[in-house]
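Letter by letter, the chains look like this.
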Amino acid sequence: MSMELDKCLENLYQGKLLPEAVVRALCFKLKEMLIRESNVVHIQTPVTVVGDIHGQFHDLLEIFQIGGPVPDTNYLFLGDYVDRGLYSVETIVLLVVLKLRYPHRIHLLRGNHESRQITQSYGFYTECLNKYGENSKVWHYLTDFFDYLVLCCIIDDEIFCVHGGLSPNVQTIDQIKIIDRFREIPHDGAMADLVWSDPEESNTENGNHREEFYRESSQHFQVSPRGAGYTFGRCVVEKFLHTNSMSRIYRAHQLCNEGFQVYFNGLVTTVWSAPNYCYRCGNKASILELYGKDDFYFNVFEEAPENKLLNENAQANVTNNKILNDYFDSGDELSENGSTDMDIFSDAYQAKSASSRRVEYFL
Amino acid sequence: MSGKRYHTKGINVIEVNSARDAHARTVHARLPVNQQPQQQQQDFTREQLPIPSRSVYPRPSATTPRHICNNPNNPPCARCGTTIIPSPRATLPLEDCPSVTIDNWTISTRKRPILNSQEFENWESNKLKGLTLPEMIFGNNYVRVENTRDNWTLEFNALDALKHVKLEDSGIRVAYSQKWIDSKQEKHRKNLPEGASFDIEESSLKIAHHYDWTYTTKYKGTESGTSRLQRDDEAKLPIDKLSRPDNILFYDDMILFEDELADNGISMLNVKIRVMDERLLILSRFFLRVDDVLIRVIDTRVCIEFQENKVLREFKEHEGAYKDIILRHRSSHSHDPKAALRDSNWVVQNTPLVSRQCESLAF
């Protein structure tokens, strides 16, 4: 089995897709493994915490370059592996195989995008159809496996990690442990809040009225103006940490331009790992290297150079992924051309990228 | 290379020239291959060309193009008629401020990454107080058209666009909002008799901070100068002329802001510009999709006739129920109906027109 997995890894690291039957078998195996895990996984430092990836496969490879390869480095991923980026399938399948091959070296939490409903709107469903054909079931295999992903992780018994944030239905860790997680992410309740909610920092230097509002808001969970979903303030966090004798929270879920964002004097920190998000934001990303309870380092990085050509293609073909698929899917061609070694600063590379850029006679 | 060339003091001419060469090659490579400068055009340099007097307006002809490129970093157009396509993302140390001048009209654009956290904070607590800002703000981007003779400017930028977002309840709620609120109230009622100190209070089920979370903006561009556009609903864009495949001299396409509405859809403001020999067209499009609720497209088109010194601005609002629009698609393509909802051109053709206004200005 492990030999087969190594063969899969070899192909995946080169950006090749695995056959549908293999994806099916892998998902089945991983579900078998995950069904035995608790909703809350306990692990020890050292570990590197990774935030949203969103199908930016080349940046995931960059993370393994920067943070060290699996299994030499332990990893905890906070969810949102798919959607928006152009290589969700490659990203999630690589993580699936790594988890099967090195189950104690890599841990995968569930994000709000690991859901059937969300992936139909934000690109993963479309990508599966484009890459495996309209009658393939790859999307079904993968979204079925998403139902088995764990919800939270606790590092060294005192650092709480989750994709989104806290829930008014969760005061203790035990309340998370009793959630029936083997299902599509619901619209409300503890499971939804854990993957959806956001911290809201008070901003006291503003006017009195606002100050009052924030003092009020820090006490409670607030309803978002969208009419569903919570934001949580400082007091909510302090109470949760005190009740469960923990020191801080790491979460992902929100874009931060510098790669990470500190809330409430460090009680909550967002880790964001998708540089140049959606191939156009120009933001930085980071991974959090935790060596001990108070020994940590945010390793900040920018987008992988391989993205450049792909990005520019992407901009020219927002509605037409054909060229990208041609470029990436045909694995044989890729290795023939040695594209992985291509010098992105070379004239040839630049010219290739420019030729795909075009103007539009919009009206 | 042998070291012998380098024993003179100061910067070696060869190095400077080769650096210039390398830079020129990079810039050249941005042009689509089929539009790269022909041999004959490479024979003259831009610096030697006389700048035509701005008081005469010769009829455009194939032999004497009349536009002037204002930035040496522009791809080498040299008034050769090739298109200027700014690179998709400006990188340090070279910042792209592509610009072109035709008669007394100067067109320039700028594209930078999203606001960093310092800028973001400044906007949030000063410039746009009271508004929870969209996730991605390309606050340093702009598209600017300037009439240098009559001192009139029209600019599209994110800050002014966001100033048009209302700081009140939009009345729009995400699809599952009612269900969500109901279930909270239900839970709350159940909990009350037991006297459990729950974090959620009746008051916190109300939305505390109202703003238009859809970021709907009726922004039509920022006008400055002594003259102003006047309401003129009879006026019509010269669609026949704009449909002609006239050579495009300058083209750019950028996002001003974008928000994913916490994965409930998308809200985005995008500006495109194309400049031809005789006229230019700008399309500023606000695109809103609230999943399972509604679709809204607000288009502002600006057409400027250089010869006649005439400006025309058309403003159109489209809006429709999500289910009606997706139904139009289901009949034709059943596999992936939601993919079409990401294509704003398809959407606008299938969304009812709610209102239209037109303004004009002649110098």
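In the nomenclature of an unreviewed UniProt entry, chain B is known as ZYRO0G17336p of Zygosaccharomyces rouxii. Recorded in UniProt under Sequence similarities (unreviewed entry), the annotation for chain B is "Belongs to the TIP41 family."

Chain A has the name Serine/threonine-protein phosphatase in an unreviewed UniProt entry, where Zygosaccharomyces rouxii is given as its organism. On record in UniProt, under Cofactor (unreviewed entry), the comment for chain A is "Mn(2+)". Among the UniProt annotations of chain A, the heading Sequence similarities (unreviewed entry) holds the following wording: "Belongs to the PPP phosphatase family."

**Q** Any chance you could explain the overall build of chain A here in plain terms?
**A** Across its full length, chain A holds 15 helices and 14 strands. Of all 363 residues assigned to chain A, the portion counted as buried reaches 62%. Sequence-distant contacts, at least 24 apart, represent 73% of the contacts inside chain A between residues at least 6 apart.

**Q** Just to check I follow, could you spell out the packing of aromatic side chains for this structure?
**A** Two measures describe an aromatic ring pair: the distance that separates the ring centres and the angle between the ring planes. For the structure on display, the rule yields 22 aromatic pairs over all chains. Look at A:F64 and A:F77: their rings are 6.4 Å apart centre to centre, the planes differ by 70°, and that puts the pair in the edge-to-face class. Of the two residues, A:F64 sits in helix 3 (residues 57–67) while A:F77 sits in strand 3 (residues 75–77), which places them 13 residues apart along the sequence. A:F77 shares its class with A:F64; the two are buried. Aromatic ring contacts, followed pair by pair, group A:F64, A:Y75, A:F77 and A:Y81 into a single cluster. Here the basic side chain of B:R144 rests over the ring of B:Y142, its NZ or CZ set 4.1 Å away from the ring centre. The ring of A:F362 is capped by B:R274, whose NZ or CZ atom sits 5.4 Å from the centre of that ring.

**Q** Can you help me understand the UniProt feature "active site" (unreviewed entry) in chain A in this one?
**A** Here the UniProt feature "active site" (unreviewed entry) sits at A:H113. Within the fold, A:H113 resides in the loop between strand 4 (106–108) and helix 5 (116–121). Classification of A:H113 by relative accessible area gives buried; the value is 1%. Contact partners of A:H113, with chain neighbours within four places excluded, come to A:H54, A:D80, A:V82, A:D83, A:R84, A:I118, A:T119, A:Y122 and B:D263. One polar contact links A:H113 to A:D83, side chain to side chain, over a distance of 2.6 Å.

**Q** Would you take a moment to explain helix 2 (residues 20–34) of chain A for this structure?
**A** Every α-helix winds through 3.6 residues per turn, so residues three or four apart in the chain are directed the same way. Residue and element names in this part refer to chain A. Over its 15 residues, helix 2 runs 21 Å from end to end, which matches the ideal 21 Å to within 8%, given 1.5 Å per residue. When we look at burial in helix 2, the residues that qualify are V23, L26, C27, L30, K31, M33 and L34. Buried residues along helix 2 cover an arc of 155° about the axis, so they all sit on one side. Facing away from the buried side of helix 2 by over 90 degrees, the exposed positions are A21, R24 and F28.

**Q** Hey, could you run me through the sheet that holds strand 9 (residues 230–232) of chain A in this one?
**A** In a beta sheet, neighbouring strands are held together by backbone hydrogen bonds and run either parallel or antiparallel to one another. All names here are of chain A. Taken in spatial order, the three strands of this open sheet run 7-9-8, and their pairing is mixed. Taken across any chain shown, the strands that pair with only one partner, and hence form the sheet edges, are strand 7 (198–199) and strand 8 (221–223). Alignment of strand 7 against strand 9, held across two bridges, turns out to be parallel. Within the sheet, the bridge partner assigned to D198 lies in strand 9 and is T231.

**Q** Whenever I open this one, the environment of B:L229 confuses me. Can you help?
**A** Residues and elements named next belong to chain B. Mapped onto the elements of the fold, L229 is located in the loop between strand 7 (222–225) and strand 8 (230–231). A relative accessible area of 8% places L229 in the buried class. Sequence separation between L229 and C358 is 129 residues; the distance between their C-alpha atoms is 9.4 Å. The contact partners of L229, leaving out residues within four places of it in the chain, are W152, E223, V311, R313, E359, S360 and L361.

**Q** Is there a simple way to explain the pairing of strand 6 (residues 152–157) of chain B in this structure?
**A** Two faces, one strand: in a regular strand the side chains alternate between the faces of the sheet. Residue and element names in this part refer to chain B. Summarising burial for strand 6: six of the six residues are buried, a large majority. Side-chain alternation along strand 6 places W152, L154 and F156 on one buried face and T153, E155 and N157 on a second face that is also buried. Both strand 5 (residues 142–147) and strand 6 contribute to a ladder of six bridges, which runs antiparallel. Bridged to N147 within strand 6 is W152. Once strand 5 ends, the chain turns through four residues before running back antiparallel as strand 6, passing N151 with a positive phi of about 55°. Both strand 6 and strand 7 contribute to a ladder of four bridges, which runs antiparallel. What sits directly across from L154, in strand 7, is E223.

Rules and cut-offs
Residues numbered from 1 in each chain as written. Chains lettered and ligands numbered in written order. Predicted model: local features only at pLDDT ≥ 70, side-chain atom pairs only at ≥ 80, totals over all residues. Heavy atoms only, no water. UniProt positions renumbered as here; feature names shortened; annotations may be inferred. Helix = DSSP H or I, 4+ residues; strand = E, 2+ residues; numbered from the N terminus. Buried < 20%, exposed > 50% of the residue type's maximum accessible area, 1.4 Å probe, protein only. Contact = heavy atoms within 4.5 Å. Phe/Tyr/Trp six-rings, centres within 6.5 Å; stacked < 30°, edge-to-face > 60°. Lys NZ or Arg CZ within 6 Å of the ring centre and 35° of its normal. Polar contact = N/O pair within 3.5 Å; in protein donor to acceptor, adjacent residues only side chain to side chain. Expected span 1.5 Å × (residues − 1). Arc of directions from axis to C-beta. Pairing = 2+ DSSP bridges.

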